[in-house]
Amino acid sequence: MAASMAAAARRLRRAFRRSPLWGGLSRRPFSSEPPPASATAVRDAFLSFFRDRHGHQLVPSASVRPRGDPSLLFVNAGMNQFKPIFLGTVDPRSEMAGFRRVANSQKCVRAGGRHNDLEDVGRDLSHHTFFEMLGNWAFGGEYFKEEACRMAWELLTQVYGIPEDRLWVSYFGGDPKAGLDPDLESRDIWLSLGVCASHVLSFGPQENFWEMGNTGPCGPCTEIHYDLAGRGGAPQLVELWNLVFIQHNREADGSLQPLPQRHVDTGMGLERLVAVLQGTHSTYDTDLFSPLLDAIQQGCGVSPYLGRVGAADEGRTDMAYRVVADHIRTLSVCIADGVCPGMSGAPLVLRRILRRAVRFSTEVLRAPPGFLGSLVPVVVETLGDAYPELRKHSAQIVNLVSEDEAAFLASLQRGRHIIDQTLRRLGPSDLFPAEVAWSLSLSGNLGLPLDLVELMLEEKGVQLDSAGLARLAQEETQHRSRQAEPAQERGLQLNVHALGELQRRGVPPTDDSPKYSYSLRPSGGYEFGTCEAQVLQLYTEDGTAVASVGKGQRCGLLLDKTNFYAEQGGQASDRGYLVRVGQEDVLFPVPRAQVCGGFILHEAVAPEGLKVGDQVQLHVDEAWRLGCMEKHTATHLLNWALRQTLGPGTEQQGSHLNPERLRFDVATQAPLTPEQLRAVEGTVQEAVGQDEAVYMEEVALARTAHVPGLRFLDEVYPDPVRVVSVGVPVAEALDLASQAALQTSVELCCGTHLLRTGAVGDLVIVGERQLSRGTTRLLAVTGEQAQQAREVGQALAQEVGAAAERLSRGSQDVVEAQRLSKDMGRLTDAVDTAVMPQWQRRELQATLKVLQRRANTAIRKLETGQPPVPLDRGSAFLPPRFVHLCSSLSPSPSVAYL
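Reading guide: rules and limits
- Residues numbered from 1 in each chain as written.
- Predicted model: local features only at pLDDT ≥ 70, side-chain atom pairs only at ≥ 80, totals over all residues.
- Heavy atoms only, no water.
- Pairing = 2+ DSSP bridges.
- Helix = DSSP H or I, 4+ residues; strand = E, 2+ residues; numbered from the N terminus.
- Axes fitted to C-alpha atoms, helices over the stretch in contact; angles between N-to-C directions.
- UniProt positions renumbered as here; feature names shortened; annotations may be inferred.
- Buried < 20%, exposed > 50% of the residue type's maximum accessible area, 1.4 Å probe, protein only.
- Contact = heavy atoms within 4.5 Å.
- 1 Å grid on protein atoms, 1.4 Å probe; cavity = no way out; pocket = protein on both sides within 12 Å on 5 of 7 lines; lining within 4 Å.
- Points joined across faces, edges and corners; volume = space filled by probe spheres on them.
- Nonpolar A, V, L, I, M, F, W, Y, C, P; charged D, E, K, R; others polar.
- Parallel < 35°, antiparallel > 145°, perpendicular 65-115°, else oblique.
- Left-handed = near helix turned anticlockwise from the far one by under 90°.
- Polar contact = N/O pair within 3.5 Å; in protein donor to acceptor, adjacent residues only side chain to side chain.
- Salt bridge = Lys/Arg side-chain N within 4 Å of Asp/Glu carboxyl O.
- pLDDT = per-residue confidence, 0-100.

1. Structural notes on the sheet that holds strand β24 (residues 694-699)
- Across the sheet, three strands lie side by side as β24-β25-β26; this open sheet has antiparallel pairing. In this open sheet, the two edge strands, each paired with only one partner strand, are β24 and β26 (746-748). Going across the sheet, the axis of each strand differs from the next one's by a mean of 20°, ignoring polarity.
- Judged from the three bridges that link them, strand β25 (residues 721-726) and β26 form a sheet pairing that is antiparallel. Directly across from Ser725, in β26, lies its bridge partner Val746.

This is the structure in structure tokens:
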């Protein structure tokens with residue numbers, strides 16, 4: 001018996017490892033049963049089962065753009081949004097902190113990063129870059145192995161009607177090296193549910209031990225597999241459902257420690273489940289994809305999709321069907337969630353997906369121009385009911401896809417022309433220059449995938465300079481690392497064990513309400529109160545809890561209350577100092593405060609000893625705090641001004657601020673024009689000039705759910721939540737009948753703000769760049785910095801005006817003309833790098849470009865003996881606004897402009 005089981009295990013291991021690659025022609029039904037349920041019905045049945053039969057709360061899918069998780073390019077599993085619960089860092093006032101048993105269907109993207117299926121899509125019948133993950137969760141021991149297994153078995157066999165003899169299960173067989181015993185509990189549960197003993201097999205940690213990453217929560221898992229072959233021979237197994245029992249934590253040293261709380265995390269791919277229930281070997285033959293495949297066939301006029309793979313797929317037609325169908329789903333979902341094709345990170349991955357789809361649609365399917373955009377409505381019709389954001393942003397998705405498709409096709413045509421031109425200059429045995437190939441690539445100017453460039457060269461029998469290309473790639477990597485924003489130091493953290501111990505001891509979250517205790521003096525300045533608190537716990541740099549720290553030791557302090565703002569919501573942490581009560585002459589500097597699961601951890605360097613129980617008094621750095629308040633209120637005004645200028649559908653996509661400057665990311669259809677930038681600044685200046693009151697109040701989160709115009713981000717908000725309203729009391733702003741939130745800035749925000757807008761002084765947008773197609777990053781300064789930026793802009797405008805006047809007078813001397821040309825170059829560099837209004841920078845850059853061109857023309861004419869052409873004031877080469885600006889700045893009435 002043991003030998004036969006071992007042989008079966010070996011067969012199953014082979015079956016498990018090849019299960020993603022479903023073989024054979026795809027359009028082969030399992031039986032002649034009545035038409036199966038639609039994918040929508042399958043999804044709804046899953047959610048209804050857990051809500052109605054087993055009391056689970058249904059939560060919406062998170063955006064595929066990770067929320068505050070820099071380790072991910074995209075959300076790639078249902079558990080991503082619940083990581084704060086697993087790590088113990090969830091805000092205790094948030095709705096998520098109250099989750100006990102929940103279920104949902106999560107949008108997932110696996111392309112780029114650790115989980116990357118991009119290049120496999122199309123080659124087989126099962127890989128996807130976008131898929132839906134059905135999942136149910138139990139947090140804090142709400143239920144564990146027995147209930148999870150029983151519910152899964154009930155759903156699959158009783159609700160979906162899958163024959164029990166087609167299901168196999170695997171469980172964790174232990175890991176002696178890690179000191180982990182076999183999960184016999186899961187094995188016995190499956191046997192008690194009636195699973196045949198020969199269908200219950202154990203595997204090692206590679207197959208049946210789940211880990212979040214190199215460190216963090218982890219645990220054994222049990223998987224349910226479906227046998228595609230049935231009674232027809234050797235098992236052909238495909239994984240349906242993974243049930244993870246999170247009960248350990250992987251420490252930094254590689255050891256495993258038990259978690260303070262246990263959780264259940266399950267995930268089942270909807271596409272694969274639907275394929276099983278609809279009786280097909282391929283996810284592409286389900287009703288999730290068939291409307292798209294039909295639309296592709298009609299739009300391209302190619303032969304119908306037959307589900308062929310490998311050598312049987314002549315001309316790669318069916319592969320192209322699968323690539324286009326999968327990629328347009330991914331593009332639609334990502335753009336709806338605010339991830340647009342761009343030049344780095346997730347946007348760059350999305351750009352590659354779009355261009356891969358264009359290549360297959362045009363080169364294999366012979367699709368007409370604009371074809372990809374025509375598929376978006378099909379995606380919206382298929383997925384829009386489950387994910388309403390697709391319907392909301394459908395027009396934007398079509399526009400972005402169509403524009404990028406057209407741009408890529410134009411680049412492709414231009415790239416072929418450049419290759420032909422380059423080849424005419426090469427000798428028969430010359431390598432194709434790496435610099436030219438790089439300029440054609442995604443990292444260069446035209447955005448062609450390098451593998452496409454290599455293919456185009458291969459078709460012409462030319463070899464690429466691969467060594468040179470590798471060198472350029474390395475230089476690009478080094479350049480990006482220099483240009484990247486410096487990573488913020490993580491600082492001291494409370495790990496899952498420390499947080500669990502605090503919760504076990506019943507330590508309440510830190511009372512940080514004193515951070516809002518400040519007022520305006522009659523003189524107009526701000527008064528910040530001090531805060532007395534007790535030291536509840538001390539931590540060493542490695543996170544160990546201690547009762548005392550010695551002189552010179554860097555430590556973390558947990559207090560019962562604080563007036564320090566801990567970094568969150570895009571606002572930098574407060575800094576300051578604390579003293580022991582009764583010993584005010586010894587200062588303990590506090591450079592930072594961080595929030596961990598509702599507890600505020602203050603970092604400090606102890607000039608003298610400190611112990612648990614000491615009474616301390618906290619003082620924030622008032623200038624630093626006031627700078628943050630000024631920038632945060634300015635950020636709200638900027639958000640409002642952008643909506644006023646660009647339209648009410650304009651959405652914020654992130655921000656960060658400190659006393660020096662603010663950064664604001666906004667969804668845009670196109671780069672802002674100088675006129676729009678200037679209008680945005682004008683709207684902010686108007687609100688600042690009116691010195692309006694800023695109202696702040698905590699209200700029940702439910703009160704904010706349906707207020708027209710209320711601004712909020714894709715974040716987990718506490719309940720109650722703080723509302724910040726400019727010029728209108730919060731109660732009036734939240735009154736549905738008042739429409740006040742449509743007329744002024746009203747946002748959900750936990751930050752610290754000015755009490756009146758006048759203290760902002762001024763706001764100048766000093767930088768703007770495209771993060772990706774559809775996302776613009778703005779940099780702005782306020783107050784005195786803004787005034788200085790305007791003065792710099794005025795001074796540079798005067799210099800450009802003077803240079804234009806010199807050019808208008810002409811020159812009979814080549815040396816003088818060359819000096820003027822160099823001055824133009826110097827001015828261009830100054831305008832490019834100065835801290836000045838961005839709208840003015842853009843106008844001066846356009847002007848200098850014209851002036852530089854005319855100066856170079858004058859030099860060429862002098863060098864060839866031709867007389868230079870004098871310029872007159874009536875010439876229309878300069879922007880009219882610049883002519884007007886220079887006229888108002890220049891003391892000379894005789895200045896002429898191009």
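Right, picking up where we left off after that structure.
2. Some points on the UniProt feature "binding site: Zn(2+)" (unreviewed entry) in the protein chain
- The UniProt entry lists His632, His636, Cys749 and His753 under the feature "binding site: Zn(2+)" (unreviewed entry), expressed in the numbering used here. Spanning 122 residues, the annotated positions come together in the fold, the maximum distance between their C-alpha atoms being 9.8 Å.
- Tracing the backbone shows His636 in helix α18 (residues 622-646).
- Relative to the helices and strands, Cys749 is located in the loop between β26 and β27 (763-772).
- Since its relative accessible area comes to 9%, Cys749 is described here as buried.
- Once you skip the residues sitting within four places of it in the chain, Cys749 turns out to touch His632, His636, Arg722 and Val724.

3. A look at the sheet that holds β27
- The four strands lie next to each other as β22-β23-β28-β27, forming an open sheet whose pairing is antiparallel. Because the sheet does not close on itself, it has two edges, and the strands there are β22 (652-657) and β27. Each strand of the sheet is rotated relative to its neighbour by a mean of 20°, with strand direction disregarded.
- Strand direction decides the pairing type here: β27 and strand β28 (residues 775-782), joined by eight bridges, are antiparallel. What sits directly across from Leu763, in β28, is Thr782.
- Relative to the sheet, α18 contacts β22, β23 (662-667), β27 and β28, its axis offset from that of β23 by approximately 20°.

4. Observations concerning the side chain of Lys145
- The residue Lys145 is located in helix α4 (residues 145-159) in this model.
- According to the relative accessible area criterion, Lys145 is buried, its value standing at 5%.
- Setting aside anything within four residues of it in sequence, one finds Lys145 in contact with Asp183, Glu185, Ser186, Ile189, Phe245 and Gln247.

5. Considerations on empty space enclosed by the protein
- Going through the model one piece at a time under the given rule, you end up with one cavity of 30 Å³ or more.
- What the largest cavity holds in volume is close to 40 Å³.
- In terms of residue class, the lining of the largest cavity is made up of four nonpolar, three polar and two charged.

6. Let's talk about the packing of helix α13 (residues 394-425) against helix α15 (residues 450-459)
- At a minimum axis separation of 11 Å, α13 and α15 run at an interaxial angle of 40°. Comparing the axis directions of α13 and α15 gives the class oblique. Considering only the axes of α13 and α15, their crossing is right-handed. Across from Phe408, Leu412, Gly415, Arg416 and Ile419 in α13, the residues of α15 making contact are Leu452, Met456 and Leu457.
- Looking at the contact of α13 with α15 residue by residue, the class counts come to six nonpolar, one polar and one charged.

7. Some thoughts on the environment of Glu119
- Along the polypeptide, Glu119 turns up in the loop between β2 (101-109) and β3 (130-138).
- Its relative accessible area of 44% is what places Glu119 among the partly exposed residues.
- With 10 residues separating them along the chain, Glu119 and Thr129 place their C-alpha atoms 9.3 Å apart.

8. A few points about helix α17 (residues 496-504)
- Listed as buried for α17 are Val496, Ala498, Leu499, Gly500 and Leu502.
- Among the residues of α17, the N-terminal cap falls to Asn495, whose side-chain oxygen and the backbone nitrogen of His497 are separated by 3.0 Å.

9. A word on the pattern of salt bridges
- This structure, assessed with the given rule, holds 40 salt bridges.
- Residue Arg356 is joined to Glu119 by a salt bridge in which the shortest nitrogen-to-oxygen separation is 3.9 Å. With a gap of 237 residues between them, Arg356 in helix α10 (residues 345-364) and Glu119 in the loop between β2 and β3 connect regions that are remote in the sequence.
- With its nearest N and O atoms 3.9 Å apart, the salt bridge here joins Asp614 to Arg580. Placement of the pair is Asp614 in the loop between β20 (610-611) and β21 (615-620) and Arg580 in strand β16 (residues 576-580), with a sequence separation of 34 residues.
- Looking at Arg580, the relative accessible area reads 16%, which means it is buried.
- Through salt bridges with shared partners, a single ionic network connects Glu541, Arg554, Arg592 and Glu603.

10. A closer look at the confidence of the model for the protein chain
- Per-residue pLDDT for the protein chain has a mean of 88; in total, 90% of the residues score no lower than 70.
- When the criterion is pLDDT under 50, residues 871-877 qualifies, and its contacts beyond four places in sequence or with other chains add up to 19 contacts.
- Low confidence marks residues 883-898, where pLDDT is under 50. Its contacts with residues over four positions away, or in another chain, come to 43 contacts.

11. With respect to the pairing of strand β19 (residues 599-605)
- For β19, the tally of buried residues reaches six of seven residues, placing the bulk of the element in the interior.
- Where strand β15 (residues 554-559) meets β19, five bridges bridge the pair, whose relative direction is antiparallel. Looking at the pairing, Gly556 lines up with Glu603 of β19.
- Both strand β18 (residues 592-596) and β19 contribute to a ladder of five bridges, which runs antiparallel. By the bridge assignment for β19, Ala593 is matched with His602.
- What sits between the antiparallel neighbours β18 and β19 is a turn of two residues, in which Gly597 has the positive phi angle 60°.

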